[in-house]
Structures are given as structure tokens and as C-alpha cells.
Amino acid sequence: MLASLTSVLGWAEERGCAAAAFDTPNLELLLAAIGAAEARDEPVIIQHAQLHESETSIDVIGPIMVMRAEAACVPVCVMLDHGEDLDYVRRALDLGFSAIMIDGSQLPYDENVALTRAATEMAHARGADVEAEIGFTTGHEGLEDADDDRANVYTDPAEAARFVADTGIDALAASVGTVHGFYKAEPKLDFDRIAELRRVCGVPLVMHGGSGLSREDTRAAIAAGIRKINYFSYMSNAGVRAVEALIAEKRPKYFHALANAATEAMQADAEAAMEMFSMVPTA
Ligand SMILES: [Zn+2]
């Protein structure tokens, strides 16, 4: 069933775990994400990122996301990921998305607040929840060669608390040492910062760039207070590897054989990620 972000994050808070959020810019990823959630009997968040608009329009995949969420036997939040402007936020809300993320993290503080506040008013008026970001997680999911030499700007807890109060958002994406896409160097997560952000902000914390982290780092981030983890690149890549293997072994003649092999492999990867995120951490 279609679920709110707040209800899914409430489930995570109650269990002391993190909800998985998967970007699903095509049908195979969408079926894999919901299939994983149903296999594990856990809530899930499926997302369409504005930067994926050129690959798949939200007008094409958005209605299918909402339809599959409604048909699912587990709670599914349908969310806009990294919304960049109010027009795109409106398009997601018009399609029935239950949550949006607005990303003004590259703007100066006051402009980020103004954009986030406007998006929050628009979303809340439609009964949708809002995630926003302060600090900046480098890289881009789903873009080849998205090298970004800028250092991550770690989120300042005092500024983050002010940002939450100034905007009225429901969840906060904070920059705590992860990057989007594939890791080229060992990530250095700041667990003390996560704990301090959790203490001062009063809303659930979101960690972007969750694929490619070690099990230990992931569990420690959840123990420190992360309640939503965005996971995409490794799942998508699992589909590529399955297709490569199938072509090398059997050279199938029909495309659906490749699509189905990718879906199966991506669901297995998503299930493994959910297992890592959802188990109650040992104290
Ligand atoms: Zn992100």
C-alpha cells in the first residue's frame, strides 16, 4: 500500500534501524525494489531523482511507481529524490507521490531555506512529507564519470538544527562522509557528527550514498541515528553484471531474458541491502 515517509521512518525509529530508499528510474529497478520489500515483509521507499528525468521521465515512471506501491502487500513510500525546483516538485505531487526531497544544499543558507520552505508548504498542503538537505554530498548517482573534486562539506549540527526549525521539514539529509555513486577511496564516516545531529535536530536523519559502504560502517551509522539510507549504484550495477554474464553464457535472442535476469539480480542485491539496514543493531 502507498505509505507516507513519516510512517516508514516511524517504523525504522521504533526498531532502531534504517529504511531502505531505492531510486527506480526504470521498470526493472522498480520491480526489484518492491519485490525485495515484499520478500522481506518490510516497508520500503522508492524514489525518482530529478537528474534521471533525461533517462526516464517522471511522467512515464511516476504513475507506474504509484500503481505498484498501491498494489504492494507492504507499505511503500513513493518519493521524489533530489528535487531541484518547485515546478518539478509540483509534478511529483500531481502524480500522487507521498513524499518529496528538495535539494537546495548547494545554495547559500538563506536561499536553501527559502526554496525548502516553499517546497514544504506545497507538499504539506497536499499531505506529502518532505526531506531536505544541508551540507553537500558529492557525486551523482547514475551518472558515468561523475567525478567531483570538491571536498564533502560536513553538515554543521547547529546550522542543521536551525535549518530544521526554519523550514518545518520532516527528515534531514546530512553530509556525514558518504559520496554518491561508486567509491574511489575508503569513505570516512563521522559517527559522532551523526549522533550530535540526531540529538539537536529532532527529525529522522537520512544518509545518501549508502551503496558501497562496509557492513560495519553501515551498522555504526544506523546505531548513531541514521533512519533512511539511499542506495542505488551497486544495485543498478548488479543488474549490469547479471546481463553481462547471461550474454557471455547463453547469448539469448530476446531482450526480455536480459531484463528479467537484471531484475532478479537487482532484487537479490536490494534484499541484501535491506537485511543490512533493517536488523536491530546490537548495543
Ligand atoms: Zn542523494
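Analysis parameters
- Residues numbered from 1 in each chain as written.
- Predicted model: local features only at pLDDT ≥ 70, side-chain atom pairs only at ≥ 80, totals over all residues.
- Heavy atoms only, no water.
- UniProt positions renumbered as here; feature names shortened; annotations may be inferred.
- Helix = DSSP H or I, 4+ residues; strand = E, 2+ residues; numbered from the N terminus.
- Contact = heavy atoms within 4.5 Å.
- Polar contact = N/O pair within 3.5 Å; in protein donor to acceptor, adjacent residues only side chain to side chain.
- Axes fitted to C-alpha atoms, helices over the stretch in contact; angles between N-to-C directions.
- Parallel < 35°, antiparallel > 145°, perpendicular 65-115°, else oblique.
- Left-handed = near helix turned anticlockwise from the far one by under 90°.
- Nonpolar A, V, L, I, M, F, W, Y, C, P; charged D, E, K, R; others polar.
- Donors = N, O, S within 2.8 Å, 3.2 Å for Na, K, Ca; no water.
- Buried < 20%, exposed > 50% of the residue type's maximum accessible area, 1.4 Å probe, protein only.
- Disulfide = S-S within 2.5 Å.

**Describing the UniProt feature "binding site: Zn(2+) 2" (unreviewed entry) in the chain**
- As recorded in UniProt, the sites labelled "binding site: Zn(2+) 2" (unreviewed entry) are Asp103 and Glu133. Across 31 residues of sequence, these annotated residues stay compact in space, with a maximum C-alpha separation of 5.7 Å.
- Of note, Asp103 is situated in the loop between strand S4 (99-102) and helix H5 (109-125).
- Excluding its chain neighbours within four sequence positions, the residues that come into contact with Asp103 are His82, Gly83 and Glu133.
- There is a polar contact of 2.7 Å between the side chain of Asp103 and the side chain of His82.
- Those residues in contact with Glu133, other than ones at most four positions away along the chain, are His82, Met101, Ile102, Asp103, Ser105, Asn112, Phe163, Ala173 and His208.

**Regarding the packing of helix H7 (residues 191-201) against helix H8 (residues 215-224)**
- Contact pair H7 / H8: the axes reach a minimum separation of 8 Å and the direction vectors enclose 25 degrees. Here H8 runs roughly parallel to H7, going by the angle between their axes. Of the two elements, H7 crosses H8, and the hand of that crossing is right-handed. Contacts between H7 and H8 involve Phe191, Ile194, Ala195 and Arg198 from the former and Asp217, Ala220, Ala221 and Ala224 from the latter.
- Grouping the amino acids of the contact of H7 with H8 by side-chain chemistry returns 6 nonpolar, no polar and 2 charged.

**A look at the coordination of the zinc ion**
- Here the zinc ion is held by the protein donor atoms His82 (NE2), His180 (NE2) and His208 (ND1), which lie 2.0 to 2.1 Å from it.
- Donor residues for the zinc ion sit on one chain with the sequence pattern H-x97-H-x27-H. Here the residue His180 occupies a position in the loop between strand S6 (171-174) and H7, and His208 occupies one in the loop between strand S7 (205-207) and H8, the gap between them amounting to 28 residues. Taken as a pair, His180 and His208 share a single burial class, namely buried.

**Things to note about the packing of helix H2 (residues 27-40) against helix H10 (residues 255-278)**
- With their axes 8 Å apart at the nearest point, H2 and H10 run at an angle of 45 degrees to one another. By the criterion of interaxial angle, the relationship of H2 to H10 is oblique. Considering how the two elements wind past one another, H2 and H10 form a crossing that is right-handed. For the pair H2 and H10, the contacting residues are Glu28, Leu29, Leu31, Ala32, Gly35, Ala36, Ala37, Ala39 and Arg40 in the first and Ala259, Thr263, Met266, Gln267, Ala270, Glu271, Met274, Glu275 and Ser278 in the second.

**A closer look at the state of the cysteines**
- Taken as a whole and assessed by the stated rule, the structure comprises 0 disulfides.
- Of all cysteine sulfurs, the one in Cys17 lies closest to Cys77, which takes part in no disulfide; the gap is 15 Å.
- The class of Cys77 is buried, set by a relative accessible area of 0%.
- Sulfur of Cys201: no disulfide; nearest cysteine sulfur belongs to Cys17 and is 20 Å away.
- What makes Cys201 buried here is its relative accessible area of 8%.

**Here's the deal with the environment of Leu2**
- Tracing the chain through its elements places Leu2 in the segment before helix H1 (5-15).
- Along the sequence, Leu2 and Val76 sit 74 residues apart, while their C-alpha atoms lie 5.1 Å from each other.
- Leaving out residues up to four positions away in the same chain, Leu2 has contacts with Ala69, Glu70, Val76, Val78, Gly96 and Ser98.

**Quick look at the UniProt feature "binding site: Zn(2+) 1" (unreviewed entry) in the chain**
- On the UniProt side, "binding site: Zn(2+) 1" (unreviewed entry) is annotated at positions that read His82, His180 and His208 here. For this annotated set, covering 127 residues, all C-alpha atoms fall within 11.9 Å of each other, a compact arrangement in space.
- For His180, the side chain forms a polar contact with the side chain of His82, separated by 3.4 Å.
- Judged by its relative accessible area of 1%, His208 falls in the buried class.
- In this view, His208 contacts Asp81, His82, Met101, Glu131, Glu133, Thr137, Ala173, Thr178, His180 and Asn230; residues no more than four positions away in its chain are not counted.

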